[in-house]
Amino acid sequence: MRCLILSDIHANLYALEAVMADAKGRYDSLLCLGDIVGYGAEPNQVTEAIRESRAVVIRGNHDRACTGDPTIESFTELAYEAARWTLDHLKSDNLEFLKALPAGPMAVDGFHIAHGSPRDEDEYVFSRDEAAEQYSSMPHDLCFIGHTHLQGGFGLRRGRTWELERPGDHEAEVSHRLEPDTSYLINPGSVGQPRDLDPRAGYAVYDTDSRQVTFRRVTYKVAMEQRKIIAAGLPMFLAARLALGR
Ligand code: ZN
């Protein structure tokens, strides 16, 4: 089974369309690790695309905040403004879909998915030290996570942790064969708002038979998305950051 794994789409329709076109024929099932909305200008079309895809989906912190959860009060000014805008623009059926999303971690076909970390859906795993702390609370030796918008992840074996490489600036993909007796926290990257200094949309495919994870990067119409964000009256920085990948 080849699983297409998407995370942090953030209402960026151009990025999602580019990823789905690139991933065509490469997968059998679709998983989404949350943050479908928030920041971008197309929350309804992106939510509808995910609903129609029949993906297995867990919620992200922005999906909660954008549907009226009180955690919106803990957001930064920028994220708060975007979440309020999204709440004002979501159609009721999309709002209900997002509200009903389950929290991670969730077991899927021999591994787990979570938005933030295996022990806390809102926790960020940025570093090797932070990954090592997760070791004891991992429900399985493989968990896909999102939230940081950084493609890559960590291998953990006998107290040692290391980072998994993502594609370089001129590469479309990098694959990793998962090793036995090793735990992994793997981030497919962000579809709609990458923050690893590569503005291309990121995603991953995991082949459960060969135990191979492939990270891919895809160019999309960044300038078009920026125009939409500005036309929607969302903060300018949310448009600017897309070109920088940060
Ligand atoms: Zn996010």
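In case you missed it, the structure is sitting above this.
Now for a quick tour of the structure. (Residues numbered from 1 in each chain as written. Predicted model: local features only at pLDDT ≥ 70, side-chain atom pairs only at ≥ 80, totals over all residues. Heavy atoms only, no water.)

**Some points on the overall build of the protein chain**
Move 1: Counting its secondary structure elements, the protein chain contains eight helices and 12 strands.
Move 2: If one aligns the C-alpha atoms of the protein chain with their principal axes, the spans along those axes are about 50 × 40 × 30 Å.
Move 3: Taking all 246 residues of the protein chain together, the buried fraction comes to 56%.
Move 4: Of the roughly 10,500 Å² of accessible surface on the protein chain, a fraction of 49% belongs to carbon and sulfur atoms.
Move 5: Averaged over its 27 positive side-chain charges, the protein chain has a centre that lies 4 Å from the centre of its 37 negative ones. (Helix = DSSP H or I, 4+ residues; strand = E, 2+ residues; numbered from the N terminus. Buried < 20%, exposed > 50% of the residue type's maximum accessible area, 1.4 Å probe, protein only. Areas by Shrake-Rupley, 256 points an atom, 1.4 Å probe, with all protein chains shown as cover. Lys, Arg positive; Asp, Glu negative; His and termini not counted. Charge placed at Lys NZ, Arg CZ, Asp CG, Glu CD.)

**Details of helix H5 (residues 92-99)**
Structurally, the α-helix is built with 3.6 residues per turn, so residues lying three or four positions apart point the same way.
Move 1: The set of residues buried in H5 consists of Asn94, Leu95 and Leu98. All buried residues of H5 lie within an arc of 100° about the axis, which places them on one face of the element.
Move 2: Contacts made by the buried residues of H5 are with helix H2 (43-53), helix H3 (61-65) and helix H4 (77-89). (Arc of directions from axis to C-beta. Contact = heavy atoms within 4.5 Å.)

**Looking at the layout of surface pockets**
Move 1: In this structure, the largest pocket occupies an estimated 230 Å³ of space.
Move 2: Along the wall of the largest pocket there are 15 residues; nearest its centre are Leu150, Gln151, Gly152, Gly153 and Glu163.
Move 3: A per-element tally of the lining of the largest pocket places strand E7 (residues 152-157) first, with three residues.
Move 4: In terms of residue class, the lining of the largest pocket is made up of six nonpolar, five polar and four charged. (1 Å grid on protein atoms, 1.4 Å probe; cavity = no way out; pocket = protein on both sides within 12 Å on 5 of 7 lines; lining within 4 Å. Points joined across faces, edges and corners; volume = space filled by probe spheres on them. Nonpolar A, V, L, I, M, F, W, Y, C, P; charged D, E, K, R; others polar.)

**A few points about the pairing of strand E10 (residues 183-187)**
Move 1: Of all five residues in E10, five are buried, a share of seventy percent or more.
Move 2: Here strand E6 (residues 142-144) pairs with E10 via three bridges, running parallel. Bridge pairing in E10 links Leu142 to Tyr184. (Pairing = 2+ DSSP bridges.)

**Comments concerning the side chain of Asn44**
Move 1: Residue position: Asn44 is located in helix H2.
Move 2: Among the polar contacts listed, one links the side chain of Asn44 to the backbone nitrogen of Lys91, at a separation of 2.8 Å.
Move 3: With sequence-adjacent residues up to four places away left out, Asn44 is seen in contact with His89, Leu90, Lys91 and Asn94. (Polar contact = N/O pair within 3.5 Å; in protein donor to acceptor, adjacent residues only side chain to side chain.)

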